[in-house]
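# Reading the structure
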Amino acid sequence: MKKGLRFNLRGMELIAPAVLVMLVFTVYPIIYLIIGSFRSGSLIAWSKAGGALSQIQWADFKNYEYLLANADFGKIVGNTVLYVVMLVAGRIGCSLLLAWWLNSKINKRLSKTTQAIAFMPHVISLVSVSMVFMWLYNKDTGFFNSILTSLKLPACEFLDSEGTALISIVFVMLWKSLGYYTLLMLAAMQSVPKEVYEAAELDNAPAWRTFLRITIPCISPTIFFTTITATINSFNVFDVINLLTQGGPINSTNTLVYYIYSMMFKFSKPGVGCAAGVILLAIVGTLTIVYFRVMERRVHYQ
Amino acid sequence: MGEIKLIGIQKAFGKDVVIPDLNLTIEDGSFTVLVGPSGCGKSTTLRMVAGLEVPTAGQILIDNEDVTSMPSGKRGIAMVFQNYAIYPTMTVSGNIEFGLINNKVPKAERKRLISEIADIVGLTPYLDRKPSALSGGQRQRVALARAMVKKPKVFLLDEPLSNLDAKLRAAMRVELKQLHQRLGTTFVYVTHDQVEAMSMADNIVLMDKGIIQQSSNPATIYHRPQNIFTACFIGTPPMNIFENGLENVKFGARPEKISLEPIEGQAFRLKVDVSTKEMLGAECIYYCNSKLGQIIIKSPDDYPQKELMGYIAYKDLHFFDADSNRIDINDQLKADLDRICD
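What counts, and at which threshold
Residues numbered from 1 in each chain as written. Chains lettered and ligands numbered in written order. Predicted model: local features only at pLDDT ≥ 70, side-chain atom pairs only at ≥ 80, totals over all residues. Heavy atoms only, no water. Helix = DSSP H or I, 4+ residues; strand = E, 2+ residues; numbered from the N terminus. Buried < 20%, exposed > 50% of the residue type's maximum accessible area, 1.4 Å probe, protein only. Contact = heavy atoms within 4.5 Å. Areas by Shrake-Rupley, 256 points an atom, 1.4 Å probe, with all protein chains shown as cover. Lys, Arg positive; Asp, Glu negative; His and termini not counted. Charge placed at Lys NZ, Arg CZ, Asp CG, Glu CD. Polar contact = N/O pair within 3.5 Å; in protein donor to acceptor, adjacent residues only side chain to side chain. Axes fitted to C-alpha atoms, helices over the stretch in contact; angles between N-to-C directions. Parallel < 35°, antiparallel > 145°, perpendicular 65-115°, else oblique. Left-handed = near helix turned anticlockwise from the far one by under 90°. Nonpolar A, V, L, I, M, F, W, Y, C, P; charged D, E, K, R; others polar. 1 Å grid on protein atoms, 1.4 Å probe; cavity = no way out; pocket = protein on both sides within 12 Å on 5 of 7 lines; lining within 4 Å. Points joined across faces, edges and corners; volume = space filled by probe spheres on them. pLDDT = per-residue confidence, 0-100. Pairing = 2+ DSSP bridges.

## A short note on the overall build of chain A
Secondary structure assignment for chain A yields 15 helices and zero strands. Over its C-alpha atoms, taken along the principal directions, chain A stretches across nearly 75 × 75 × 30 Å. Out of the 302 residues belonging to chain A, those deemed buried represent 39%. When contacts within chain A are restricted to residue pairs at least 6 apart in sequence, long-range pairs at least 24 apart make up 67% of them. Approximately 17,200 Å² of chain A is accessible, and the part contributed by carbon and sulfur atoms is 69%.

Shown next as structure tokens:
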């Protein structure tokens, strides 16, 4: 204990580069964000003030009050949570099922080809993906609607309707990232010894019970890890919304990060943007802590 | 009941034929050991009986019922794997219970069976532990308990002792043998270790390159090996085989059957020069040269001399024809032996 507390110069020297990088790129922005959330004024006023404390106009808690009083902000938080829940559930659920199928006794070549096809969207630029989906989703000339109409089914408005826009965006991101998550799950499943599955076969276990009682518990560390990263990653959604809907129609796809961006650069209210940023930071931070606390107990580490 | 019949079994992995044509009957209630060098097809044979591999051709019958295309879980068998393959996330009792749940055994009955089995294999204090908190020997017992609790017609054991240390392995050998006597069920045991085979088996099936070289009880396989492969596989050090000396006939003698003192009755004599000697306490192993080639002799006595005379009783000599198959001694061979005798 004594030794642990002693100031160790050599140790400090060794971690200094890493600490410096963290200070500049993580700690400083967080402090700046928190301070910013208590400031008023436009972007221009902010850049004029620079670092001079005397010129800063303080807003006290007005930025937070503005957010809380604003009905749109509540909807935006709701949208974000809905988006995260749908996307994370979709990613984990679909990737588990796909990986399970790929890991079963199917043809090797079929498995490899499917993996390659599923992974491909992950390496394609999101801009290209968005362009393609804009056409696929187009309500008059799009691919999906031409199929629907040829089947004599009513056309769907996809991105142009309040009711379907958010789920359409979830689908794009699910399609794009499914291969990546499947690969993670598949790698975890393949690390389970094959004899364990054979023992289950000899124990007359139906496939679904093998999946629930053996596969899932054995790969729970991977499921745990991917759930956390997928959640944080989904909370930070911005580019696909900026490309496809700009938050519309009627704020139905407006999410926290896109709202922060709009406040900063569209409406020139950087203080409000910072306040929303602090709220996002609080949500993601709390979730991470909760995840680690709650799931650690249920996760099996070998 | 638990009689296994393999009829005309062929197994190929792609173009690689592992087992060309295998016919074997494993008697009900027997302790049968499949033994052979690695790659001889013994594990593949076991896995086909288990239903984990599908034969390319042929039939597998258990109690005269064709199970060739029956799923593993329905065959009434249980298997113990080399690495135990216990379910890592379940407790000991969870591991034992899993097969019972699948077979829809009612809960009260499951509880009774688990405590009964745990008592037999000595796992009662560990029922709530996870496998990661158990020693190698305890994991082995979990694997055994999981197999036993299903009351199978046939036990399949795939090198179950090879992950244990030497001391524990010897103890488990005896325990398994006792378990077999107690249950009276058919045991099919795969190993590459001839000591395990000799010490446990009622019947040894010795395989090489997917072909059964000999199938008989341990005493017969030791005293009357059917061919040179069998003769050399069983016994440490392996049997001495003299390739030259007799025309078109090879003959051999086990190192422990060569005496360094004159013996009564008809004996074959051979002068040997000792090149290396290993003193093992209870016995000495002599590595020697002779006019018939290199020869290994195992003797309880320690001789300091470099030049010795070996005596082999005619009944301890084994003769093999040009195709390496066993032949019996006859007057012609005796006359030939007298000619080359020292």
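On we go from here.
## Details of the overall build of chain B
The number of helices and strands found in chain B is nine helices and 18 strands. Expressed as a percentage of the 342 residues in chain B, the buried residues total 54%. Within chain B, contacts between residues at least 6 apart in sequence are counted, and of these 65% link residues at least 24 apart. Accessible surface for chain B amounts to roughly 15,400 Å². Of this, 49% is attributable to carbon and sulfur atoms. The distance from the centre of the 40 positive side-chain charges to the centre of the 41 negative ones in chain B is 9 Å.

## Quick look at the side chain of Asn203 of chain B
All names here are of chain B. Relative to the assigned elements, Asn203 resides in strand β9 (residues 203-208). In this structure the side chain of Asn203 is engaged in a polar contact, spanning 3.4 Å, whose partner is the backbone nitrogen of Ser216. Sequence-distant contacts of Asn203, that is, excluding residues within four places in its chain, are made with Phe31, Thr32, Val33, Ser215, Ser216 and Asn217.

## Thoughts on the packing of helix α3 (residues 107-121) of chain B against helix α4 (residues 136-148) of chain B
Two quantities define a packed helix pair, namely the angle between the axes and the distance from one axis to the other. All names here are of chain B. One can describe the packing of α3 onto α4 by two numbers: an axis separation of 10 Å at closest approach and a directional angle of 135 degrees. Taken together, the axes of α3 and α4 lie oblique to each other. α3 and α4 meet at a crossing whose hand is right-handed. Across the interface between the two elements, Ile117, Ile120 and Val121 of α3 pack against Arg141, Ala145 and Met148 of α4. The residue inventory of the contact of α3 with α4, partitioned by class, reads five nonpolar, no polar and one charged.

## Structural notes on empty space enclosed by the protein
By the definition in use, this model includes one cavity of 30 Å³ or more. The space that makes up the largest cavity amounts to roughly 60 Å³. Along the walls of the largest cavity sit Ala199, Leu202 and Asp203 of chain A together with Ala78, Met79, Phe81, Tyr87, Ala143, Arg146, Ala147 and Lys150 of chain B, which together make up its complete lining. Residue assignment for the lining of the largest cavity shows that the elements contributing at least two residues are α10 (194-202) of chain A together with β6 (77-80) and α4 of chain B.

## Regarding the confidence of the model for chain B
Low pLDDT marks stretches whose predicted atomic positions should not be read closely. This prediction gives chain B a mean pLDDT of 90; 100% of its residues lie at or above 70. For this predicted complex, the interface confidence score (ipTM) comes to 0.83, while the overall pTM stands at 0.78.

## A short note on the pairing of β9 of chain B
All names here are of chain B. In terms of residue burial, β9 counts as a mostly covered element, since six of its six residues are buried. Side chains Asn203, Val205 and Met207 project from β9 onto one buried face, and the interleaved Ile204, Leu206 and Asp208 project onto a second face that is buried too. Where strand β3 (residues 31-35) and β9 come together, four bridges link them in parallel fashion. Along β9, the bridge assignment pairs Val33 with Ile204. Hairpin remark: β9 followed by strand β10 (residues 211-216), antiparallel, with two residues in the connecting loop; positive phi at Lys209, about 50 degrees.

## Overview of the side chain of Ser177 of chain A
All names here are of chain A. Along the chain, the position of Ser177 falls in helix α9 (residues 165-190). On the basis of relative accessible area, Ser177 is assigned to the buried category, the value being 8%. Among the polar contacts listed, one links the side chain of Ser177 to the side chain of Arg91, at a separation of 2.8 Å.

## What to know about the environment of Met148 of chain B
Residue and element names in this part refer to chain B. With respect to the helices and strands, Met148 occurs in helix α4. The buried category is assigned to Met148, whose relative accessible area is 5%. C-alpha of Met148 to C-alpha of Met79: the two residues are 69 residues apart in sequence and 9.3 Å apart in space. Those residues within four positions of Met148 in sequence are excluded, and the remaining contacts are Ile117, Ile120, Val121, Phe155, Leu179 and Leu183.

## Observations concerning the sheet that holds strand β7 (residues 154-158) of chain B
Consider a sheet: its strands pair through backbone hydrogen bonds, and that pairing is either parallel or antiparallel. All names here are of chain B. Across the sheet, six strands lie side by side as β6-β7-β8-β3-β9-β10; this open sheet has mixed pairing. The open sheet terminates on both sides in strands that have one partner only, identified here as β6 and β10. Adjacent strand axes in the sheet meet at a mean angle of 15 degrees, parallel and antiparallel pairs treated alike. Here five bridges tie β7 to strand β8 (residues 186-191), and the two strands are oriented parallel to one another.

## Some details on unusual backbone geometry
The omega angle of the peptide bond from Thr236 of chain B to Pro237 of chain B is -10 degrees, so this bond is cis rather than trans. Looking at where Pro237 of chain B falls in the secondary structure, it is placed in the loop between α8 (228-233) and β11 (240-242). Within the chain, Ser268 of chain A stands out as a residue other than glycine whose phi angle is a positive 50 degrees. With respect to the helices, strands and loops of the structure, Ser268 of chain A is situated in the loop between α14 (256-266) and α15 (270-298). In this structure, Lys104 of chain B is a non-glycine residue whose phi angle is positive, near 60 degrees.

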